[in-house]
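# Structural characterization, general
Below are the chains, spelled out letter by letter.
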Amino acid sequence: ITIIFLLFFLFLRFFYIQIIRGTYYLSKAEGNRIKIKIINAKRGVIYDKFGIQLSFNKANFVLSIIPKDLFLNRNYSWGYLCRQKEKEKDCKIEVENFLYDFLDNNLKNHIPKRELSKIFSKIKIKSENKIIVQEKIPYQEALLLFEENNPGIYLDINTFRKYKKSQSISHWIGYTGKINQEELKKNKNYNLNDYIGKTGLEKYYEKDLKGKNGNIEIEVNALGKELRVVSEKRPKSGKNLLLTIDYEFQKEVESILRKYLLKFKKKKGVVIAMDPNNGGILASVSLPSFSVNDFAYKVDPKIYKKLINDPDKPLFDRAVLGEYPSGSIIKPVVAAIALNEGIITPKTTFLSTGGISVGKWFFPDWRAGGHGRVNVRQAIANSVNTFFYITVGGYHNFKGLGVEKLVEGERLFGLSQKTGIDLPYEANGFLPNKKWKKEKKGEVWYVGDTYHLAIGQGDLLITPLQAVLFTSTIANGGILYKPHFLKSFLDEKGKVIDNYKIVKIREDFISAKNIKISALGMRDCVRYGSCRALKSLPFESAGKTGTAQHGGGDPHAWFISFAPFKNPQIALVVLVEDGEEGSRVAVPIAKEILNWYFIHRISIKNKY
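### A closer look at the state of the cysteines
Going through the model one piece at a time under the given rule, you end up with two disulfides. Disulfide pairing is shown between Cys 82 and Cys 91; the S-S distance is 2.0 Å. Across the disulfide from Cys 82 to Cys 91, rotation about the S-S bond amounts to roughly 90°, and the bridge is consequently right-handed. Classification of Cys 82 as buried rests on a relative accessible area of 7%. Linked covalently through their sulfurs, Cys 525 and Cys 531 form a disulfide whose S-S length is 2.0 Å. One disulfide, between Cys 525 and Cys 531, carries an S-S torsion of 75° and so falls in the right-handed class.

Next comes the structure, spelled out in structure tokens:
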């Protein structure tokens, strides 16, 4: 009877395990028998427009652990200890000491004990997620580690990013870094050991660059020893990016800007060059800058602290995030709007005697005694404030354009809004109006506010990117193109997968003949106005200087330009923070940049 009872009980237990819980235990058994290794996809790389490689994937030997395989494996002396919850602390200490000795015996340079302890403090013993312990293991040491066979300890080949040494690419190319918890929640196909684009193009085109990981299913025995490969799914490499950037030109622009900042004893400056026929960015330099390679793997805390505490903000991309009063570079835009609204004609003239008075207030021209009677082209060429004061704000019997019409027109030129450039960040700039001033400052709008806005002063703020955008619009006859860095997506063999689709943000918002007048005014600026320094260049160019007052320090020095005048192939913006005068500081920078571009790019292109 006892034997029959025991056999009956045993039968019930077998029935429960095999039938009722059979599926569960089968999956558990298969999980112990089959291990899945992730094969990371090759990240796409980045090229300039001529195929110069700007980013590189460098081999990275990585030592990782899977806690469950390491802590609970019966092959280890601590296997039984780690199965007891109350002994978890002792278990971690024993495994940590073993792993530290393992690193010490196999690697010359390994992580300190305190860092290893920090990793172990966050480990969950039953976790099946792979946790990286040591990266960038030298090749020779990695070969020896391949011969080791310790269940739960794995050596993988990963990659990390390296970039061209030119510092000026750092702001827009961006860098990759270890994914954090917040990013992991938004990206379901990633794991804690993955790298992800953190800034710049690396972040904006993350989904394209990443590719799709593969995996290998490996059969292991009860002791964790790998026996055979069951199946394999190959990874799919990420797309390569071919940019509109001209790297050699980018380097030259950086060199020229650095030279002149040193000459004029200034520290901060921006240069952006764009193709006015499609919106492609040819070069974008923001100084001071930083080395993106300091961030490509794991940033040194000392370097990061130094960059963060630098008062000149080298991590700040002034080209797309800097917001500045425009000064007089806005005048060709103002002129085109006023012409389009019929407020003035190409023949309209106003007398400049050194400024205008409204009550006790005086609004000056930059030249004492004024410029005499000038039309719109002459007003642009010589940056005559009086002409624009009257055109926009009116004076005596002349009714001007008004602030509402001016702001409306400037919005059409792309001000006070993001351009949509393919970067993960961008500033809006700002256009003030009557309602804003009343709500924000509790003050009414005065005619003086309109006068200031007419010459790019007051509360108006623009980004250098917006400046090169409206310069391109004037150059090409009235088309506002969406600025972009991407030219094409390429496959691994360099074959074009897909071309960037050029986007016209806006066209036909202003007549071609009216915008032509502004372009001619900018040409006159080179012929006889404040841009005369460009007259000696071996091609016809157009430009406009700007000297913008701001809250403190010397005025910002601006210059916008495009060339050649009859067939524009480059639009250029130069800004030197606290640079004093645009004609003295910004123009020489632009002249040297345009000269290099003509000799090395335009003249060669036209020759062939």
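From this point, the narrative continues.
### Here we look at the packing of aromatic side chains
One pass over the full model with this rule turns up 26 aromatic pairs. Geometrically, the ring pair formed by Phe 295 and Tyr 304 is edge-to-face, given 6.2 Å between the ring centres and 75° between the ring planes. Accessibility expressed as a relative area gives 38% for Tyr 304, which makes it partly exposed. The interplanar angle of 70° and the centroid separation of 5.6 Å between the aromatic rings of Phe 387 and Phe 388 together place this pair among those described as edge-to-face. Both residues of the pair, Phe 387 and Phe 388, belong to the buried class. Joined through ring pairs, the aromatic side chains of Tyr 76, Trp 78, Phe 98 and Phe 102 make up one cluster. One Lys or Arg, Lys 130, reaches over the ring of Tyr 154 and ends 4.9 Å from the middle of that ring. Just above the ring of Phe 489 sits the side chain of Lys 239; from NZ or CZ to the centre is 4.8 Å.

### Notes on the layout of surface pockets
Here the largest pocket is characterised by a volume of approximately 1,500 Å³. As for the largest pocket, its lining consists of 39 residues, and the residues nearest its centre are Ile 119, Ile 132, Glu 135, Lys 178 and Lys 298. Of all the elements in the fold, those that place two or more residues in the lining of the largest pocket are α6 (113-121), β4 (131-137) and β6 (176-178). Examining the composition of the lining of the largest pocket, we find that seven residues originate from one element, β4, more than from any other. Considered class by class, the residues forming the lining of the largest pocket number 17 nonpolar, ten polar and twelve charged. If you add up the space inside the second largest pocket, you get close to 1,200 Å³.

### Observations regarding the pairing of strand β11 (residues 269-274)
Judged by how many residues are buried, β11 sits mostly within the fold: six of six residues are covered. By the alternation rule, side chains of β11 split into Gly 269, Val 271 and Ala 273 and Val 270, Ile 272 and Met 274, which are all buried. Pairing of β11 with strand β12 (residues 281-287), which is carried by six bridges, proceeds in the antiparallel orientation. By the bridge assignment, Met 274 is partnered in β12 with Ile 281. Taken together, the six bridges between β11 and strand β23 (residues 570-576) define a ladder with antiparallel strand orientation. Bridge pairing in β23 places Val 271 opposite Val 574.

### Topic: the packing of helix α15 (residues 331-340) against helix α18 (residues 403-412)
Contact pair α15 / α18: the axes reach a minimum separation of 10 Å and the direction vectors enclose 110°. When the axis of α15 is compared with that of α18, the two are roughly perpendicular. As α15 runs across α18, the sense of the crossing is right-handed. In contact with Val 333, Val 334 and Ile 337 of α15, α18 contributes Lys 405, Leu 406, Gly 409 and Glu 410. Looking at the contact of α15 with α18 residue by residue, the class counts come to four nonpolar, one polar and two charged.

### Describing the packing of α18 against helix α20 (residues 447-454)
For the pair α18 and α20, the least separation of the axes is 10 Å and the interaxial angle reads 30°. By the criterion of interaxial angle, the relationship of α18 to α20 is roughly parallel. In the crossing of α18 with α20, the sense of the turn from one axis to the other is left-handed. Residues Val 403, Leu 406 and Val 407 of α18 touch α20, and the partners they reach there are Thr 450, Leu 453 and Ala 454. Of the residues assigned to the contact of α18 with α20, the class counts are five nonpolar, one polar and no charged.

### With respect to the pattern of salt bridges
Applying the stated criterion to the full structure yields 33 salt bridges. Between Glu 182 and Lys 186 there is a salt bridge; the shortest N-O distance is 3.8 Å. Of this pair, Glu 182 and Lys 186 both sit in helix α9 (residues 181-186), separated by four residues, roughly a single helical turn. For the pair shown, Glu 182 and Lys 186 are each scored as exposed. A salt bridge links Arg 228 to Glu 219; its shortest N-O distance comes to 2.6 Å. Judged by relative accessible area, which is 46%, Arg 228 ranks as partly exposed. Through salt bridges with shared partners, one network takes in Arg 43, Arg 161, Glu 202 and Glu 206.

### Observations concerning α20
Across the eight residues that make up α20, a large majority, six, are buried. Those residues of α20 not exposed but buried are Gly 448, Asp 449, Thr 450, Tyr 451, Leu 453 and Ala 454. Buried positions along α20 lie against α15, β14 (355-358), β15 (361-364), α17 (385-393), α18 and α19 (434-441). In the stretch just after α20, Gly 456 is the one whose phi turns positive, near 80°.

### A look at a nonpolar patch on the surface
On the surface, a nonpolar cluster with roughly 720 Å² of combined accessible area is contributed by Phe 8, Phe 11, Leu 12, Phe 15, Tyr 16, Ile 19 and Ile 20. Structurally, the position occupied by Tyr 16 is in helix α1 (residues 2-20).

### Quick word on the sheet that holds strand β19 (residues 496-499)
Taken together, four strands build an open sheet; the order of strands is β2-β10-β18-β19 and the sheet is mixed. Only two strands of the sheet have a single partner each, and these edge strands are β2 (46-47) and β19.

### Some details on unusual backbone geometry
The omega torsion of the bond from Leu 287 to Pro 288 falls at 0°, within 30 degrees of zero and hence cis. Omega for the peptide link from Ala 563 to Pro 564 comes to -20°, which places this bond in the cis form. Phi at Lys 313 is positive, roughly 50°, even though this residue is not glycine. You will see that Ser 383, though not glycine, has its phi angle at about 55°, which is positive. Here Ser 383 lies in the loop between α16 (376-381) and α17.

Scoring rules and cut-offs
- Residues numbered from 1 in each chain as written.
- Predicted model: local features only at pLDDT ≥ 70, side-chain atom pairs only at ≥ 80, totals over all residues.
- Heavy atoms only, no water.
- Disulfide = S-S within 2.5 Å.
- Buried < 20%, exposed > 50% of the residue type's maximum accessible area, 1.4 Å probe, protein only.
- Phe/Tyr/Trp six-rings, centres within 6.5 Å; stacked < 30°, edge-to-face > 60°.
- Lys NZ or Arg CZ within 6 Å of the ring centre and 35° of its normal.
- 1 Å grid on protein atoms, 1.4 Å probe; cavity = no way out; pocket = protein on both sides within 12 Å on 5 of 7 lines; lining within 4 Å.
- Points joined across faces, edges and corners; volume = space filled by probe spheres on them.
- Helix = DSSP H or I, 4+ residues; strand = E, 2+ residues; numbered from the N terminus.
- Nonpolar A, V, L, I, M, F, W, Y, C, P; charged D, E, K, R; others polar.
- Pairing = 2+ DSSP bridges.
- Axes fitted to C-alpha atoms, helices over the stretch in contact; angles between N-to-C directions.
- Parallel < 35°, antiparallel > 145°, perpendicular 65-115°, else oblique.
- Left-handed = near helix turned anticlockwise from the far one by under 90°.
- Contact = heavy atoms within 4.5 Å.
- Salt bridge = Lys/Arg side-chain N within 4 Å of Asp/Glu carboxyl O.
- Patch = residues over 30% accessible without salt bridge, like charges linked within 9 Å, V, L, I, M, F, W, Y side chains within 5 Å.
- Areas by Shrake-Rupley, 256 points an atom, 1.4 Å probe, with all protein chains shown as cover.

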